[in-house]
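Now for the letters of each chain:
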Amino acid sequence: MVSIREEPNVRRSFDGVKAVVRIAGWQVDAFAVKPVRTRTGVFDDDPDPDQDFWGLYAVIPVSWLPGGNADLYYLGLDRKSAAFEQGTAHELRHTLGTRIWGRKSGWDYNLEFVYQFGSFGSGDIRAWTAASDVGFTLEDAPLKPRFGPKGQRH
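Here the structure is a predicted model, which means the values were calculated and not measured. (Residues numbered from 1 in each chain as written. Predicted model: local features only at pLDDT ≥ 70, side-chain atom pairs only at ≥ 80, totals over all residues. Heavy atoms only, no water.)

## Re the pairing of strand β7 (residues 107–120)
Note the threshold: Following DSSP output, two strands are said to pair if at least two bridges run between them. Strands here mean DSSP runs of E at least two residues long; helices mean DSSP runs of H or I at least four residues long; both are numbered from the N terminus.
Note: strand β6 (residues 87–104) against β7, 14 bridges, orientation antiparallel. Along β7, the bridge assignment pairs L96 with Y115. Adjacent in sequence and paired antiparallel, β6 and β7 are bridged by two residues, among which S105 carries a positive phi angle near 50°. Here β7 runs beside strand β8 (residues 123–137); their pairing, made up of 14 bridges, is antiparallel. If you follow V114 over to β8, its bridge partner there is T129. Hairpin connection of β7 to β8: two residues between the antiparallel strands, including G121 at a positive phi of 60°.

## Some details on the nonpolar core
So the rule is basically this: Residues belong to a common nonpolar core when they are buried Ala, Val, Leu, Ile, Met, Phe, Trp, Tyr or Cys residues joined through side-chain atoms within 4.5 Å. Throughout this description, buried means an accessible area under 20% of the type-specific maximum (1.4 Å probe, protein chains only), exposed means over 50%, and partly exposed covers the range between. Residue contacts are counted whenever heavy atoms from the two residues lie within 4.5 Å of one another.
Grouped together as the largest cluster of nonpolar side chains are six residues: V33, F53, Y73, L75, L77 and V114. The biggest single contributor to this core is strand β5 (residues 68–84), with three residues. Setting aside anything within four residues of it in sequence, one finds L77 in contact with Q51, D52, F53, W54, E91, L92 and R93. Residues I60, V62, A70 and Y109 belong to the second largest nonpolar core, which totals five residues.

## Some remarks on the pairing of strand β4 (residues 51–62)
Taken together, the seven bridges between strand β2 (residues 26–37) and β4 define a ladder with antiparallel strand orientation. Opposite A32, over in β4, you have W54 as the bridge partner. Relative to β5, β4 is paired through 12 bridges, and the arrangement is antiparallel. Bridging across to β5, A58 finds its partner in L72. Between β4 and β5, which pair antiparallel and follow one another directly, the connecting turn spans five residues, one of which, G67, has a positive phi of 60°.

Next comes the structure, spelled out in structure tokens:
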């Protein structure tokens, strides 16, 4: 959702600012960053002037879910010159999502729903995904095996 990695062993890095606020059980992270361009020399990486990435990510415990929490988030991405199979153009994406997760009495669950919209050149972007991971861990068994299905739909 956030990036296509350059190589299998290189993680994305970002330069920017982040603020964290905790109030009334909520934790809200806000950030505005620029992806860093990875260069081959030493100490020569720099922020990409053609990309901006920003967002809000909020987490709160949810009392009516067993051991549960809810995440709500918004991510924005603006790339001045994005290259895809269709060509190269200005790309602007907005992503809205929620994640419901928790753990109680050996059971765990993680459900996520995401909607993305925006534009690439003169074309519209509309995408969605839903993912689930629910399982049960045998805490007293050797190696503590976990059983459960995972699923994703988009």
